[in-house]
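Listed below, chain by chain, are the residues.
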Amino acid sequence: MSTSRSESPRDLSFPRLKRLGVVLLIAAGVILVIGYALRAFVAVYTNVLWFRSVQQESVYTHTFWTQVLLFVLFGVLMAAAVAATLVVFHRSRPRFKPDPVKQKWRHRFKRVEPRLRTWLFGVIVAYLGVSMGNRAAGRWQTWLLWRNAVSWHQTDPQFHRDISYFVSVYPLHRMVLTFLFRIVATALVALLVAAYAYGALRLRGTGPRMTKALKAQVSLLVGIYLLLKACAYWLDRFAVATSNRGPVTGPAYTDVHAVLPGKIVLIVVAVLCAAVLFTNVALRTTRLMVVGLAVMAGSALVIGVAWPAVIQQFRERPSASQLELPYIARNQAGTLDAFGLDNDITTKTYDGSQPLRGSALATQARRNAQIRLLDPNRLSPTFNVKQQLQAYYGFKSTLDIDRYPVRNTSQDVAIAVRELTLNGISRKTWTNTHLVYTHGYGVVAAPTNKLNVKTGIPNFIDGGLPPKNQIAVTRPQIYYGQMSPPYSIVGQPPGSTKKLEFDHPSSNGSARQVHTTYTGGGGVPIGSLFNRLLYAVKLHSASILFSSEINKSSQLLTVRNPRSRVAAVAPWLTLDGDTYPTVVDGHILWVVDGYTTSNNYPDSQRINLRSATSSTLSQGGATVSQANTSVNYMRNSVKATVDAYTGQVTLYAWNQAAQPDPLLQTWESAFPGLVQPESAIPAALLPHLRYPQDLFNVQRSLLTSYHVSSASDFYNGSDFWKIPTDPTVAATSQLNSTRPNRGSNAPTQASVYMTMSPDGYSAAQFSLSTPLVTLNRRNLAAFLSVDSQPGPDYGKFTLLELPAGESVEAPAQIQNDIESANTISKALTLQRGGNSKVVLGNLLTIPLGGKMLYVEPVYTQATGGNAFPSLRHVIAVYGNGAPAFKPTLAAALKEALGNA
């Protein structure tokens, strides 16, 4: 008779547990790899679908395969280098038995190493290869710049090389060299770690610190590193073209007379030291390694650091005012050329030598400018209250300025798109937020120079329901906008009468709502189960997979911000921070200005893009702030449009006849057919294009110093100017008893779009303008404007320079005069009483008849939740006259000009 007994714990032997652990570890690894692979597949395939929806699949595939090429090229190179290093080391590793008492960890490592070696080496090599491949794939733009470089037909003054070398070729040389340095350094570190683990490298104890085989391998890798260093010294020579050692960007005296000769010497030293280390591969002595490295390090310190410092301290600095002049002159010419300022600036002395008076002055004032009483930075709340219609609609915080024919006259117009905002929806279910509320509706527009005299609010020429459209809009639905939801699912099968999407409230006052179905065809098809599954994973929403409202004709609208869509289609462009809407043939189009930029243009001044474009608008969030990066070449070579209904992205080349852009030609070669020729711009769109604000702000920052043509005067810097701070920001906060924003933290004054005379005498034109002030910001130094109307004079600057000895008050001083005037101060105090506050509009600077006219609208606003600013007074100051404070612009101008 047999007896049963319970299983003993001994049956669960340690080897079985180890095998189970290994199996679980492998399973976890396989699951992890599969998870990453599926995630990558979802990302790639959904990207293909999205680019296919905008008819630019070739852009993505070209970019993708370029990234794959770089990933494989440098990933395999890294993996091969590390693998070869470890294999060679392993074959020559020392055979020794670690002391189990003194070297416990090494003793344990030696016991498990034979079983883990292949896995350990494989994981290390794979990880390093993938890391390097990812890093290289991210530099695909550098590769395409080199691969498609075109000649600029212009050379730099120092090396006499074509500009394309510095902009397109040099970055790739530097990239490849950097990656090779990383590969060699990684292989060296892997070798030393393995050597320490296997006992070939000892940090303490008796006997040799390194085995002879290890010395040979270290000597070989360090020798290769020094050869790469010699190549780096050769490339470093060309980096001098954008050196920041001197007073300006570009070669300085020390660079030319110490750094460049020193680089040649260091190349020779690096090659000789590499030869010594290669010799040591056979000799395998520690002494030669130390000598080679010591000579290289000492030479780099003496020749590369100490010698230029001595030349700069004892030769350049004492005589910099003379020695640096040729290099400053190079920088002046290079900067003006790189930023498109070399040929299109007309400089005039604005000294009032031809003053206008009496009726001539009044006549010129009437035709001189469409003086902006509707401040687009202040009256967005007024648009919201008067034209929002429902809580689920809203407007951008700053209105945009465009021009349209109104009663057969070109009129400056503030325009805004009535966009959908999900925050105003009462029931935020998944169906409501993604299937029902899908788009905004219509535009609202009002002239900038005329507000209702009685109410002080804009005279809307577009807006309301039923819509009043003096600017005809035939397709008012806004499916792609700056406030659109992250994604919406739209569309119904052909012939279906079902309309799920909310279109707009009823226009006849009833409670019923009007619904519609999207037919634009600009979304990603999501009717198939496979596509729904992909986007359920990508967007982390199971509702996409299980919703019964999604049908075979459904489309998913995503990447809906116009600026983001252009950035996805053309990531090589730097985009303007202000995307503005325009109505073209009844359709609403978003216009995005695109720049080609570089930081490698020789002898051109580097400027921080964010700092140069920062103003009241960007600091208030009205425009997108630029990246915190430096550029020394910038051209507005692309105008992009995004259809607000279909989402179609179209790129047009711009201004290439007047300013050919080789950098644009390079990208056109990389992505043929992506950018349409300028001749393809629709005739109805052309009048609504304008000179971009960010480019103008960069150019005005440069012209505060680069208006000085003499190199010696430029070095002295006494004639430099500054951009004025916005005086109304501090004044408004002070008037309403809040913390004033004064001093260096006050934002710079935004440039202004307005139809005006550029010199105070000639005919008015649609311009972008700004005042410029002296270094102490007390006096007006100049007035800069650029023709922003497409045509023969587009992009031409007018710079009015005021005589240096004449005291003309700057905007801050004018604002101070306004606040100091007893009549105005008392009136503003009364307006601020009760439950209201004062809001100061833009302080406009306008050339008029030999002097400057300043105009500032004054709004009042209640303190309630639905309050909005309305115009109450207009302040006008002409020349050095007293401020006029009147209820209307006409009355204020009459008084201000009458005192002239």
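In short, a report on the structure. In this text the structure is predicted, and so the values were computed from the model without any measurement.

## Regarding the packing of aromatic side chains
Thinking step 1. Applying the stated criterion across every chain, the model contains 38 aromatic pairs.
Thinking step 2. Judged by centre distance (6.4 Å) and plane angle (55°), the ring pair of F41 and F530 falls under tilted. Of this pair, F41 sits in helix α1 (residues 14-53) while F530 sits in helix α14 (residues 529-538); the two residues are 489 residues apart in sequence, bridging distant segments of the chain.
Thinking step 3. Judged by its relative accessible area of 39%, F41 is partly exposed.

## Topic: the packing of helix α2 (residues 57-91) against helix α5 (residues 163-198)
Thinking step 1. It is at 9 Å that the axes of α2 and α5 come closest, and there the two elements cross at 25°. In terms of axis orientation, α2 runs roughly parallel to α5. Judged by the twist between their axes, the crossing of α2 over α5 is right-handed.
Thinking step 2. Partitioning the contact of α2 with α5 into residue classes produces 18 nonpolar, three polar and one charged.

## Let's talk about α5
Spacing of three or four residues puts side chains on the same side of an α-helix, whose turn is 3.6 residues.
Thinking step 1. For α5, built from 36 residues, the straight-helix expectation of 52 Å at 1.5 Å per residue is met to within 8% by its first-to-last C-alpha distance of 52 Å.
Thinking step 2. Helix geometry: α5 is bent most strongly at V169, by close to 45°, with proline P171 lying one to four residues after it.
Thinking step 3. Just beyond α5, the residue with positive phi is G199, at close to 90°.

## A few points about the sheet that holds strand β15 (residues 555-558)
Thinking step 1. Here we have three strands laid out as an open sheet, ordered β11-β15-β14, and antiparallel in their pairing. Every interior strand has two partners, whereas the edge strands, β11 (487-490) and β14 (524-525), have only one.
Thinking step 2. When β14 meets β15, the two strands line up antiparallel, connected through two bridges. Paired with P525 across the strands is Q555, a residue of β15.

## Notes on the side chain of N368
Thinking step 1. Following the sequence through the fold, N368 ends up in helix α11 (residues 358-368).
Thinking step 2. Take N368: its relative accessible area is 1%, and that puts it in the buried class.
Thinking step 3. Only 3.1 Å separates the side chain of N368 from the backbone oxygen of P847, close enough to count as a polar contact.

## A short note on the pattern of salt bridges
Thinking step 1. Tallying each qualifying case throughout the model produces 13 salt bridges.
Thinking step 2. For D255, the salt bridge goes to R245, with nearest N and O atoms at 3.0 Å. You can see D255 sitting in helix α7 (residues 253-283) and its partner R245 sitting in the loop between α6 (212-239) and α7, a full ten residues away along the chain.
Thinking step 3. Among the residues examined, D255 registers a relative accessible area of 2% and is labelled buried.

## What to know about the side chain of Q699
Thinking step 1. Following the sequence through the fold, Q699 ends up in helix α20 (residues 693-706).
Thinking step 2. Residue Q699 is classed as buried on the basis of its relative accessible area of 1%.
Thinking step 3. Beyond its immediate sequence surroundings of up to four residues, Q699 is in contact with F339, G340, L341, Y691 and F797.

## Some details on unusual backbone geometry
Negative phi values dominate among residues other than glycine, just as trans dominates among peptide bonds.
Thinking step 1. Look at N408: it is not a glycine, yet its phi comes out positive at around 65°.
Thinking step 2. Within the secondary structure, N408 is located in the loop between β3 (400-406) and β4 (409-417).

## Remarks on the state of the cysteines
Thinking step 1. Scanning the entire structure with this criterion turns up zero disulfides.
Thinking step 2. C231 carries a free sulfur, and the closest cysteine sulfur to it, the one in C273, is 15 Å from it.
Thinking step 3. Residue C273 is classed as buried on the basis of its relative accessible area of 4%.

## Details of the packing of α2 against helix α4 (residues 140-147)
Thinking step 1. Close contact between α2 and α4 brings their axes to 9 Å; oriented N to C, the two are set at 100°. Here α2 lies roughly perpendicular to α4, going by the angle between them. Touching H62, T63, T66, Q67, L69, L70 and L73 of α2 are W140, W143 and L144, all from α4.
Thinking step 2. Within the contact of α2 with α4, the residues separate by chemical class into six nonpolar, four polar and no charged.

Criteria and thresholds
- Residues numbered from 1 in each chain as written.
- Predicted model: local features only at pLDDT ≥ 70, side-chain atom pairs only at ≥ 80, totals over all residues.
- Heavy atoms only, no water.
- Phe/Tyr/Trp six-rings, centres within 6.5 Å; stacked < 30°, edge-to-face > 60°.
- Helix = DSSP H or I, 4+ residues; strand = E, 2+ residues; numbered from the N terminus.
- Buried < 20%, exposed > 50% of the residue type's maximum accessible area, 1.4 Å probe, protein only.
- Axes fitted to C-alpha atoms, helices over the stretch in contact; angles between N-to-C directions.
- Parallel < 35°, antiparallel > 145°, perpendicular 65-115°, else oblique.
- Left-handed = near helix turned anticlockwise from the far one by under 90°.
- Nonpolar A, V, L, I, M, F, W, Y, C, P; charged D, E, K, R; others polar.
- Expected span 1.5 Å × (residues − 1).
- Bend = angle between axes of the 7 residues up to and from the residue.
- Pairing = 2+ DSSP bridges.
- Polar contact = N/O pair within 3.5 Å; in protein donor to acceptor, adjacent residues only side chain to side chain.
- Salt bridge = Lys/Arg side-chain N within 4 Å of Asp/Glu carboxyl O.
- Contact = heavy atoms within 4.5 Å.
- Disulfide = S-S within 2.5 Å.

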